[in-house]
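# Report on the structure
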Amino acid sequence: MNEKNTPRKVEKLVAVKGMNDILPPESARWEALEERVRKLMHRFAYENVRTPIVEPTALFVRGLGEVTDIVEKEMYSFDDRLNGEALTLRPENTASVVRAAVEHSLLYNGGKRLYYMGPMFRHERPQRGRYRQFHQIGAEALGFGGGEVDAEIILMAHALWREIGLTDVELQINSLGQPDERNQHRAALIKHFEAHHDLLDEEAKRRLHLNPLRLLDSKNPAMQPVIEAAPRLLDFLGESSKKHLQTVTDILQANGVAYSINPRLVRGMDYYNLTVFEFVTHKLGSQGTICAGGRYDYLFEQIGGKPTPAVGWAMGMERVLELLKELEVGESAPTLDAYAIVPDASYLPAVMACLQGLREQGVSVLMQASTTEGMASMKSQFKRADASGARFALIFGADEMAQGVVTVKALRDAGIAQQTRSLAETAQWGKSLQSNA
Ligand code: ATP
Ligand code: MG
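Report on the accompanying structure. (Residues numbered from 1 in each chain as written. Chains lettered and ligands numbered in written order. Predicted model: local features only at pLDDT ≥ 70, side-chain atom pairs only at ≥ 80, totals over all residues. Heavy atoms only, no water.)

The helix and strand inventory of the protein chain stands at 15 helices and 16 strands. What you see for the protein chain is a C-alpha radius of gyration of 28 Å, clearly larger than the 22 Å of a compact globule of 437 residues, by over 25%. Projected onto the principal axes, the alpha-carbon positions of the protein chain cover approximately 90 × 70 × 45 Å. In the protein chain, which comprises 437 residues, the proportion classed as buried is 49%. Within the protein chain, contacts between residues separated by at least 24 positions form 70% of all contacts whose residues are at least 6 apart in sequence. (Helix = DSSP H or I, 4+ residues; strand = E, 2+ residues; numbered from the N terminus. Rg over C-alpha atoms; globule rule 2.2 N^0.38 Å. Buried < 20%, exposed > 50% of the residue type's maximum accessible area, 1.4 Å probe, protein only. Contact = heavy atoms within 4.5 Å.)

See the structure below:
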């Protein structure tokens, strides 16, 4: 307010570019997906882990690798204003989960299967399926070296697609081998790209001697032919790496899970070795990877822990939900059971005591609230009840209140007679209003 007490026009504040509000009814789809995932994780005996959104910058620099897209150009990093500490909004959650496992000795008596859900932050160009704040669901199996756990975690994602109704999701697998195999491949890669130096973009030229594997991950269309022709890591694998991949694919086959080997598949972080994989769809344009992961047996050491094998994946929630929309499948908002119609504000204490009893019985109830003019007319309340999608109207009229009852009227399920029920005894009839009883 200014001196004359008239409201001044205040500039409207909007969200940060690339960071989205998730609003109803869309948010109901998010909740439904999260609920499905919780049940799925429970069935596979993965336990929930929640790590801070802000971490020391060094965690990601050391964990993901200095010469990666994320660390070079996508991190939201800042210095803590009070103590100057270098901090970063997490761009992914695997490094944090590993940090937490080391910090709290989570693996003192064997492996640990964990999962998380939450926002991640990357400074990318916003477009369909690519945002600056986005959400991942991820699973990490820590302390397990066998290929059967790679297969298990892949089967878990596969099971999720089936349950939520996603079709046409393609599984691509590759092996990145072990460090010695990668070193041989690295030398061959450098030789190959040096021979085609004029075809490389500036970034590729810069990365060529720092981290040549990253060139394979380039999204520059002009470079795809030279990438296609590059030596394949698969051809450098020794017996044990090949056997590991075989273990994984044998189990997938036994489970009837279709996959293809994609020798060009490398992942955006340096921490991967052996198995890497992506679930890809063709329905989302160029942002087609909905879930990606692999084995990271050297990450623990990288951030100061004991050598510990591990494997995991992360799924992009926005992309999965977008795909569900595209395919016109998936769950919408749960229906409301009842709408409470209250003509007189003086009834509210008794009404609200009744509604509380109903909610204890699992009934969802939306109550008409007063305005500065008091309660709306019965007619207008009935209209709202209809528009709310509720299955029942609960009428708390003057006659009802005098007798200590409520009239229950079906709004949708035709053929159900109107009934009066005792206000005090909701335990005896509440459950009958519940849609998912
Ligand atoms: P892309 O190649 O699409 O950039 P990425 O390799 O950087 O993906 P990961 O770091 O492996 O992705 O993250 C796992 C998943 O998280 C991706 O497959 C994708 O579904 C999702 N994801 C990654 N970055 C974004 C983003 N900026 N916006 C929305 N979803 C994202
Ligand atoms: Mg990326």
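Okay, back to it.
The next point concerns unusual backbone geometry. Across the chain, the bulk of peptide bonds are trans and the bulk of non-glycine residues have phi less than zero. The peptide bond linking Pro 24 to Pro 25 adopts the cis configuration, its omega dihedral lying at 5°. Positionally, Pro 25 belongs in the segment before helix H1 (26-43). Despite not being glycine, Asp 168 has its phi angle at roughly 60°, a positive value. With respect to the helices, strands and loops of the structure, Asp 168 is situated in the loop between helix H5 (147-164) and strand S7 (170-175). The residue Glu 328 is not glycine, and still its phi comes out positive at about 55°. Here Glu 328 lies in the loop between helix H11 (317-326) and strand S12 (338-341). Judged by its relative accessible area of 73%, Glu 328 is exposed.

Before going further, it helps to spend a moment on the site of ligand 1. Around ligand 1 lies a shell of 17 residues, among which Arg 122, Glu 124, Arg 130, Arg 267 and Thr 289 are the nearest. Here Lys 219 contributes a side-chain N or O atom positioned 3.1 Å from an oxygen atom of ligand 1. In this structure, Gly 316 approaches ligand 1 through a main-chain N or O atom, which is 3.4 Å from an oxygen atom. Compared with its free state, where it exposes 590 Å², ligand 1 has 92% of that area covered by protein. Contributing elements (two or more residues each) for the shell around ligand 1: strand S6 (133-142), strand S10 (289-295) and strand S11 (310-316). For the shell around ligand 1, the leading source of residues is S10, giving 4 residues. Along the lines of polarity and charge, the residues of the shell around ligand 1 split into 7 nonpolar, 4 polar and 6 charged. (Near = heavy atom within 4 Å. Polar contact = N/O pair within 3.5 Å; in protein donor to acceptor, adjacent residues only side chain to side chain. Areas by Shrake-Rupley, 256 points an atom, 1.4 Å probe, with all protein chains shown as cover. Nonpolar A, V, L, I, M, F, W, Y, C, P; charged D, E, K, R; others polar.)

Nothing here speaks to function; it is geometry throughout.
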